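This is what each chain is made of:
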Amino acid sequence: MRKVTSSDGTSIAFDRLGDGPPVIVVGGQLCDRALTRPTAEELAKHFTTFNYDRRGRGDSGDTQPYAVQREIEDIGALITEAGGTASVYAHSSGAALALRAAAGLLISKLVLHEPPYAPLGLDGEEMRRIAREYAEDLEVILSESRWGDAVELFFATVGMPWEMVDGIRHTPRWAELEAMAPTTAYDSEIMSDSTGGTVPTDLARRMTTETLVLVGGASPQWMIDVSRQLADALPNGTHMILEGQEHVVPPKVLVPVLKEFFAG
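Keep in mind the model is a prediction, meaning the values are calculated, not measured.

(A) Structural view of the overall build of the protein. In terms of regular secondary structure, the protein is built from 11 helices and eight strands. Against the compact-globule benchmark of 18 Å for 264 residues, the protein has a radius of gyration of 17 Å, which places it among compact chains. When the backbone C-alpha atoms are referred to their principal axes, the protein occupies close to 45 × 40 × 30 Å. Out of the 264 residues in the protein, the part that is buried amounts to 51%. Summarising the internal contacts of the protein: among those between residues at least 6 apart in sequence, 71% fall at separations of at least 24. By element, 52% of the accessible surface of the protein is carried by carbon and sulfur atoms, the whole surface being about 11,600 Å². The protein carries 23 positive and 38 negative side-chain charges, and their two centres are separated by 6 Å.

Structure, rendered in structure tokens:
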């Protein structure tokens, strides 16, 4: 494990794996670098891979008050460590963070894998309502330091069956999830849940970084629609469907796609 110091003095923990052009892996909500390590290790067969704990998770520090810009600066510190520029693979809400980061950082190429925005238009009305309610409920729960309830709320909102949630609760992983629970507010802010969490087309239209938007062919139709809406808004965006895959893709399937894009 290594560490870099972000602009506000926060210590960010990361593992540097492999050799080759640099790639930074950005995880989603309630993810630490242990969860993203299998993908990072597979990437490391082709690239120098920076697999890090986002602030407030794992071995990284945290500094209050939170601001999305601080997380962008964390990625910037890793890019500096990588030599001044790097490609980025980002998953789920981490993809929404990476999209914001690409506005001001030297990102060579960017992969956005299923950022869970609400669709544009009438089809996304119900999802926008759910996002707003989630943000409101989460604020109350976190204000009362009910970390387990915050984890359960997130899992319920994304549709995880109660039996699966209860199963995780009885594993050592639950304590790790509760430790990261305060960061659910960070991802909610990144996703703009309080205002409906729709695809940020205005931001996307300002991006010049070559970007690949990935989505699983077995993912819900709304997610496929969202990924296409985002790719269409990006001036230098490409849309790709990974046939037969869902939100989490096995590294052996995912990394060949990333290798072709980053090295192409």
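(B) A look at the packing of helix α1 (residues 33-43) against helix α11 (residues 251-263). Running from N to C, α1 and α11 cross one another at 50 degrees; their axes reach a closest spacing of 9 Å. The orientation of α1 relative to α11 falls into the category oblique. Crossing of α1 over α11 shows right-handed handedness. Taken together, the residues of α11 that come into contact with α1 (itself represented by P38, T39, E42 and L43) are P251, K252, L254, V255 and L258. Residues belonging to the contact of α1 with α11 are distributed by class as follows: six nonpolar, one polar and two charged.

Criteria and cut-off values
- Residues numbered from 1 in each chain as written.
- Predicted model: local features only at pLDDT ≥ 70, side-chain atom pairs only at ≥ 80, totals over all residues.
- Heavy atoms only, no water.
- Helix = DSSP H or I, 4+ residues; strand = E, 2+ residues; numbered from the N terminus.
- Rg over C-alpha atoms; globule rule 2.2 N^0.38 Å.
- Buried < 20%, exposed > 50% of the residue type's maximum accessible area, 1.4 Å probe, protein only.
- Contact = heavy atoms within 4.5 Å.
- Areas by Shrake-Rupley, 256 points an atom, 1.4 Å probe, with all protein chains shown as cover.
- Lys, Arg positive; Asp, Glu negative; His and termini not counted.
- Charge placed at Lys NZ, Arg CZ, Asp CG, Glu CD.
- Axes fitted to C-alpha atoms, helices over the stretch in contact; angles between N-to-C directions.
- Parallel < 35°, antiparallel > 145°, perpendicular 65-115°, else oblique.
- Left-handed = near helix turned anticlockwise from the far one by under 90°.
- Nonpolar A, V, L, I, M, F, W, Y, C, P; charged D, E, K, R; others polar.

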